[in-house]
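Residue strings, one per chain:
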Amino acid sequence: LYLLRGHIYDLNGHSTWVMGGGTSIDRARRTPDFDWFPEEIPSTDELDYGETRLDAAGWQVDLVLTHDAPMSLVAAALNVGSALPNVETHYSSLNMYLEHIDTWFENLHTDPHWRIKLPHWYLGHYHGDGALDERHTLVYHDIIEVA
């Protein structure tokens, strides 16, 4: 099953925004267009589309599914996961974009005119399982049923 970047899906009754992609930390050992592809990072159009979809939905989604993490959670994800623990090599424009998205959720949650419900965020890139905080969960082997 392939979920298109930036789309909002109804998954078992849960409004779910998705954004795939992440930087391969072992890219130097890979061959372009064979086992590494520049498209691993979403294009500007895909990122813009994702934000447009959230705007159209009033930023009201139940869940967020991404491969990579918002920048502020990269260190925590590396601590839980088994990816190489050099934080600086993991930061990318995608981490900054996801940080921007997560900050908007937080801001709209606390704004008295919006007061949106904060979505739970699931990500996987860092090869581990566990809570990063109360609303961000790293998933690699675990299967999590969302009620």
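Residues numbered from 1 in each chain as written. Predicted model: local features only at pLDDT ≥ 70, side-chain atom pairs only at ≥ 80, totals over all residues. Heavy atoms only, no water.

Novice: Just to check I follow, could you spell out the pattern of salt bridges for this structure?
Specialist: Side chains that differ in sign of charge can pair as their charged atoms come close. Scanning the model with the defined rule gives four salt bridges in all. With a shortest N-O distance of 3.1 Å, Arg5 and Glu46 are connected by a salt bridge. Placement of Arg5 in the segment before strand E1 (8-11) and of Glu46 in helix H1 (residues 44-56) is noted, with a sequence separation of 41 residues between them. The salt bridge involving Lys117 is made with Asp62; its shortest N-O contact spans 2.9 Å. With a gap of 55 residues between them, Lys117 in the loop between helix H3 (93-110) and strand E4 (120-123) and Asp62 in the loop between H1 and strand E3 (63-66) connect regions that are remote in the sequence. Residue classification places Asp62 among the partly exposed positions, given a relative accessible area of 24%. (Salt bridge = Lys/Arg side-chain N within 4 Å of Asp/Glu carboxyl O. Helix = DSSP H or I, 4+ residues; strand = E, 2+ residues; numbered from the N terminus. Buried < 20%, exposed > 50% of the residue type's maximum accessible area, 1.4 Å probe, protein only.)

Novice: Would you explain the packing of aromatic side chains in this entry?
Specialist: Summed over the entire model, instances satisfying the criterion amount to two aromatic pairs. Geometrically, the ring pair formed by Trp59 and Phe105 is edge-to-face, given 5.2 Å between the ring centres and 80 degrees between the ring planes. Taken together, the residues span a long stretch of sequence, with Trp59 in the loop between H1 and E3 and Phe105 in helix H3 at a distance of 46 residues. Accessibility classification places Trp59 together with Phe105 in one group, the buried group. Members of the aromatic cluster, each reached through a chain of ring pairs, are Trp59, Trp104 and Phe105. (Phe/Tyr/Trp six-rings, centres within 6.5 Å; stacked < 30°, edge-to-face > 60°.)

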